[in-house]
Amino acid sequence: MSKLKTILAATIAAAGLITFSSSIYTIDETEQAVVTQMGKAKKIVVGSQTPGQPNDSLAYLLDSVYAARGFDVDVVSRTGIHFKTPFVQSVQKFEDRIMEYDSKPSTVITKDKKSLVIDNYARWIIEDPLKFMNTVRSERGAQSQLDDIIYAAVKQYAGKNNLIELVRSTNNMLDEVPDSTSTEVYDKISVGRQIIMGEITDLCNDLTREKYGIRILDVQIKRAEYLPENKEAVYKDMIQERKRIAQQYESEGEEIKRVMNAQTDREVETITSEGYATAEQINGQGDREATRIYAKAYNVDPKFYSFWRSLEAYKTAYSSGTKMFMTTDSKFNRYLKDAK
Amino acid sequence: MRRFEVGFRTNDAEESDYEEVEVEALMLTGDKNMLKSHFSVQYQVSDPAKFLFNVYDVKATLFDAAEAAHRQIVGDNHTDKTMTYGRAEIEQQTKDLMENIIAKYDMGIDILAIRIQDVDPPTPEVESAFAGVETALKNKDRAYDQARTYANEQIPAARAKAGELINQAEGYKAKVINQAKGDVARFEEIYAEYKRAPAITMERMYIEAMEDFMKRVDKVIIDEDASTFNMLDISKSYKGGGN
């Protein structure tokens, strides 16, 4: 008899345990949940961005939204242990964390007919778990919907803008020309990457909130590249530009050398000719002074000078071997004839 | 403090040895060129709860944000600046933008620093073109140095030569003046002597000069009364040489 009692007690205990475990569930900081009964939502547990702080404002908002639509749904925001009707109600949990969407790189055509291979990412979060559940059903399901929406938006904005608008965000670069040899004229952007991505984010966010209860935090260009064949052309351009700059430096060097050397040669010319001139001047001074000295001395008695000078000349003017015919009439020889 | 790398991975063995991840490194520049940038991100957890509970894949989120931020900044500058003088500025701007991006995610993470390891041209061919510019710049400097050397050789040499010419002239001037002074002094001595006894001195001078003169020349003395015949004879003997 007691054995039966034991079995009965055990069975009741087991049943109670099962029932109990079916009536509680926990929600941790990374989770949200929807409690359903016969396919109808009964309760939503929304997550909060700040762990430990319930998101009462969102809960209140959703509550009023659903109430207005005539849904009989209880919206709370609280982590920890929750209770539900066992067996009849079931819980479906969803992520409360910021999720990642990463597209495969896809090609877009810009307004100026350039191709760009763009790799986007987006960060999103489930804002309304019920709507999310009713539409995309799960995080996995969300990916393909996000794919379509985001790609469509990126393609649309790319087509409306020139390539440069997707590359640059500001015109700051235009004020900084790298070197004076650059012949490039840089395009001015009117919108820019940052603004475009902001607009894409807003556009997508409005759509996903409306349709899927997903809030998109941002859409960013992770990578943007040229098509392989375009890359080659770009590399060629870069090489050409570098070669041009190198050539410029070479000719500048040659020019500098030419100009400086010419200047040096001119200076050498000047120095040398001035040297000659000064030397000539000094020579002239010497000659003049000597002449002055001679003149001053000889002018004291020009006749005597003439006499003396001639005698000096006779001493040296005629070399040996010169033949001279003289008569006895000459002054020198007069005594040869007679001693008068 | 935690760290991750974008565009490259350091080989465990040595810090200086790393492998490139081209897909992460290749990016567009503001002047529509391409380059390869390799950088690392240092961060720390400032709020453990947020760090654990707010984001589904923290690593991927940080990585994506880093790439997006850096590429946006590089896409806003020209090639030269990113490759050379602009690195510090680009590191700072990348850090600021990345912080801006992850602020929305409330990750409980502080970005400490962005450090650019290397910025390279996109292909080896482009790289050698860049190297060519370096060489050309060096050549330009060298041309300048050569011109300066030429000047430093030529001008002092010219000055030296000019100085030499002037010295020679000075020498000539001195010589000529001294010569004059000497000659004049000699003359004045003789003149003084002459002044003391003019007629006699003149006579004596004349005779001395003639004496000297006669010593040197070949003389034929002809009596002025000599006949023509004698002269003819004399001229014959003259032809044979004589004294």
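Report on the accompanying structure.

Moving on, we come to the overall build of chain A. Helices and strands together make up the secondary structure of chain A, namely 9 helices and 11 strands. Within chain A, buried positions represent 42% of all 340 residues. A fraction of 69% describes how many contacts in chain A between residues 6 or more apart in sequence connect residues 24 or more apart. If you sum the accessible surface of chain A, you get close to 19100 Å²; carbon and sulfur atoms cover 54% of it.

When helices and strands are tallied, chain B shows 8 helices and 7 strands. Every one of the 243 residues in chain B was classed for burial, and the buried ones make up 43%. Within chain B, contacts between residues at least 6 apart in sequence are counted, and of these 69% link residues at least 24 apart. Summed over all atoms, the accessible surface of chain B reaches about 13000 Å², with 51% contributed by carbon and sulfur.

Residues and elements named next belong to chain A. For helix H2 (residues 56-68), which comprises 13 residues, the first-to-last C-alpha distance of 18 Å matches the rise-based estimate of 18 Å (1.5 Å per residue) to within 8%. For H2, the set of buried residues is Leu58, Ala59, Leu62 and Tyr66. On an axial view of H2, the arc spanned by its buried residues comes to 100°, and they lie on one face. The exposed residues of H2 that point more than 90 degrees off its buried face are Asp56, Ser57, Tyr60 and Ala68. Contacts from the buried residues of H2 go to strand S3 (40-45), strand S4 (74-76) and helix H3 (129-135).

Okay, empty space enclosed by the protein next. Per the stated rule, a full pass over the model turns up 1 cavity of 30 Å³ or more. Size it by volume and the largest cavity reaches roughly 40 Å³. What lines the largest cavity is Arg193, Arg223 and Ala224 of chain A together with Met27, Leu28 and Arg71 of chain B. Listing elements by their share of the lining of the largest cavity, those giving two or more residues are strand S10 (214-225) of chain A together with strand S4 (26-28) of chain B. Its residues assigned to classes, the lining of the largest cavity comprises 3 nonpolar, no polar and 3 charged.

Below, the discussion takes up the nonpolar core. In this structure, Trp124 of chain A together with Leu62 and Met98 of chain B are the most contacted members of the largest nonpolar core, which totals 90 residues. Here the element with the most residues in this core is helix H3 (residues 58-74) of chain B; it accounts for 9 residues. Residues in contact with Met98 of chain B, not counting those within four places in the same chain, are Phe4, Val41, Leu62, Ala65, Ala66, Ala69, Ile111 and Ile114 of chain B. If you look at the next biggest cluster of nonpolar residues, it comprises 22 residues, including Phe304 of chain A together with Phe187, Tyr191 and Met214 of chain B.

With 102 residues of chain A at the contact, the number on the chain B side is 104 residues. At the surface where chain A touches chain B, the tally comes to 8 salt bridges. For the salt bridge of Arg223 of chain A with Glu67 of chain B, the shortest nitrogen-to-oxygen distance reads 2.7 Å. For the pair chain A and chain B, the number of links is 25 residue pairs in polar contact (both at pLDDT 80 or more). Here the element with the most residues in the side of chain A that touches chain B is helix H7 (residues 228-298) of chain A; it accounts for 37 residues. Taken together, the residues of the side of chain A that touches chain B sort by class into 48 nonpolar, 22 polar and 32 charged.

Right, let's get into a nonpolar patch on the surface. A contiguous nonpolar patch, built from Ile18, Phe87 and Val88 of chain A and spanning about 300 Å² of accessible area, is present on the exposed surface. As for its position among the elements, Ile18 of chain A is in helix H1 (residues 2-21).

The geometry of two aromatic rings is summed up by the distance between their centres and the angle between their planes. If you walk through the whole model with that rule in mind, you get 18 aromatic pairs over all chains. Seen in terms of ring centroids, Trp124 of chain A and Phe132 of chain A are 6.2 Å apart; in terms of plane orientation they differ by 25°. Their pairing is stacked. Each of the two residues, Trp124 of chain A as well as Phe132 of chain A, counts as buried. Judged by centre distance (5.7 Å) and plane angle (35°), the ring pair of Phe4 of chain B and Phe63 of chain B falls under tilted. Residue Phe4 of chain B is located in strand S1 (residues 2-6), and its partner Phe63 of chain B is located in helix H3; the two are separated by 59 residues in the primary sequence.

The next thing to look at is the environment of Thr110 of chain A. All names here are of chain A. One can find Thr110 in the loop between strand S8 (106-109) and strand S9 (115-126). Among the residues examined, Thr110 registers a relative accessible area of 3% and is labelled buried. Sequence separation between Thr110 and Gln143 is 33 residues; the distance between their C-alpha atoms is 25 Å. Apart from residues lying up to four places away in sequence, Thr110 is in contact with Ala158, Gly159, Asn161, Asn162, Leu163 and Leu166. Of note is the side chain of Thr110, whose polar atom sits 2.6 Å from the side chain of Asp112.

With that out of the way, let us pick up a negative patch on the surface. A contiguous patch of negative charge on the surface is contributed by Glu199, Asp202, Asp206 and Glu210 of chain A. If you trace the backbone, Glu210 of chain A turns up in helix H6 (residues 193-212).

Rules used throughout
Residues numbered from 1 in each chain as written. Chains lettered and ligands numbered in written order. Predicted model: local features only at pLDDT ≥ 70, side-chain atom pairs only at ≥ 80, totals over all residues. Heavy atoms only, no water. Helix = DSSP H or I, 4+ residues; strand = E, 2+ residues; numbered from the N terminus. Buried < 20%, exposed > 50% of the residue type's maximum accessible area, 1.4 Å probe, protein only. Contact = heavy atoms within 4.5 Å. Areas by Shrake-Rupley, 256 points an atom, 1.4 Å probe, with all protein chains shown as cover. Expected span 1.5 Å × (residues − 1). Arc of directions from axis to C-beta. 1 Å grid on protein atoms, 1.4 Å probe; cavity = no way out; pocket = protein on both sides within 12 Å on 5 of 7 lines; lining within 4 Å. Points joined across faces, edges and corners; volume = space filled by probe spheres on them. Nonpolar A, V, L, I, M, F, W, Y, C, P; charged D, E, K, R; others polar. Core = buried A, V, L, I, M, F, W, Y, C linked by side-chain atoms within 4.5 Å. Salt bridge = Lys/Arg side-chain N within 4 Å of Asp/Glu carboxyl O. Polar contact = N/O pair within 3.5 Å; in protein donor to acceptor, adjacent residues only side chain to side chain. Patch = residues over 30% accessible without salt bridge, like charges linked within 9 Å, V, L, I, M, F, W, Y side chains within 5 Å. Phe/Tyr/Trp six-rings, centres within 6.5 Å; stacked < 30°, edge-to-face > 60°. Lys, Arg positive; Asp, Glu negative; His and termini not counted. Charge placed at Lys NZ, Arg CZ, Asp CG, Glu CD.

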